[in-house]
Amino acid sequence: MDLTLHTHNLRSTDDLEEFVHDKLSKLERYMPNIESIHVDLSQQKSNRGPDIVSAQITVRHDRGAILRTEEKLDKQDYNSIKTAITGASNKMYRRISRFKGKPRSKRLRERYAMSQEEFAMAEPIPDEVFTTSDEESAETNSMIMRRKQVAITVMHEEEAIEQMELLGHTFFLFFNPDTESINVLYQREQGGYGLLNPELL
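Residues numbered from 1 in each chain as written. Predicted model: local features only at pLDDT ≥ 70, side-chain atom pairs only at ≥ 80, totals over all residues. Heavy atoms only, no water.

**Q** Where do I start with the packing of aromatic side chains in this structure?
**A** Aromatic ring pairs are defined here through the distance separating the ring centres and the angle between the ring planes. This model, assessed by the stated rule, comprises two aromatic pairs. Seen in terms of ring centroids, Tyr30 and Tyr93 are 5.3 Å apart; in terms of plane orientation they differ by 80°. Their pairing is edge-to-face. You can see Tyr30 sitting in helix α2 (residues 27-30) and its partner Tyr93 sitting in helix α3 (residues 80-100), a full 63 residues away along the chain. Under the relative-accessibility criterion, Tyr30 is labelled buried at 6%. Summarising the aromatic geometry, the rings of Phe172 and Phe174 are spaced 6.2 Å apart at their centres and angled 20° between planes, so their arrangement reads as stacked. In this structure Phe172 comes out as buried when scored by relative accessible area, which is 11%. (Phe/Tyr/Trp six-rings, centres within 6.5 Å; stacked < 30°, edge-to-face > 60°. Helix = DSSP H or I, 4+ residues; strand = E, 2+ residues; numbered from the N terminus. Buried < 20%, exposed > 50% of the residue type's maximum accessible area, 1.4 Å probe, protein only.)

**Q** Please explain the packing of helix α1 (residues 14-24) against α3 as it appears in this structure.
**A** A packed helix pair is summarised by two numbers, namely the angle formed by the two axes and the spacing between the axes. At a closest axis distance of 10 Å, the pairing of α1 and α3 adopts a crossing angle of 15°. Compared by their axis directions, α1 and α3 come out roughly parallel. In terms of crossing hand, the pair formed by α1 and α3 is right-handed. The segment α1 lies against α3, with Asp15, Leu16, Phe19, Val20, Lys23 and Leu24 engaging Ile81, Lys82, Ile85, Thr86, Ser89 and Tyr93. A breakdown of the residues in the contact of α1 with α3 according to their chemical character gives seven nonpolar, two polar and three charged. (Axes fitted to C-alpha atoms, helices over the stretch in contact; angles between N-to-C directions. Parallel < 35°, antiparallel > 145°, perpendicular 65-115°, else oblique. Left-handed = near helix turned anticlockwise from the far one by under 90°. Contact = heavy atoms within 4.5 Å. Nonpolar A, V, L, I, M, F, W, Y, C, P; charged D, E, K, R; others polar.)

Remember, this is a structural readout, not a statement about activity or role.
This is the structure:
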């Protein structure tokens, strides 16, 4: 298992690297055959209050499944980033629990589901990372609460940016004649825009 750490506007220290390794090297006990774990730690300046620290964890399983969690909070002191890492780590336990469950889609079961051998190797997820509200939230979040028909307009990227800004949305769906496909434009938290160009796998 390959574990990498990247920091942005945050100084990486031996103590911090050791904390990340201790927290996340345990994940493979609960989800065997993890290919890699990537950790992004960042600190964002704020003009209206405390700086914001965030920890994002991305886990890649060797069969192609990707699990990602993130925890953001106000910076109080040096240990705030460790609190964010712990929060993102606990969320990852819950993601793994869902991954180990039975996917609704037969295609996902065939592609991503853990094998019987992996189930035999995996330890149970620690109970302390779960709460009643987590269970209620998971049940609600697994349901489609609303369906909506969306009119897709043909426009170039610059037009899509302007239209999204006029609507005050953080994402915008449109047909891009340059890629000849439906694209999703979105605002990045770090600033600027991102563009999703779907590809059928």
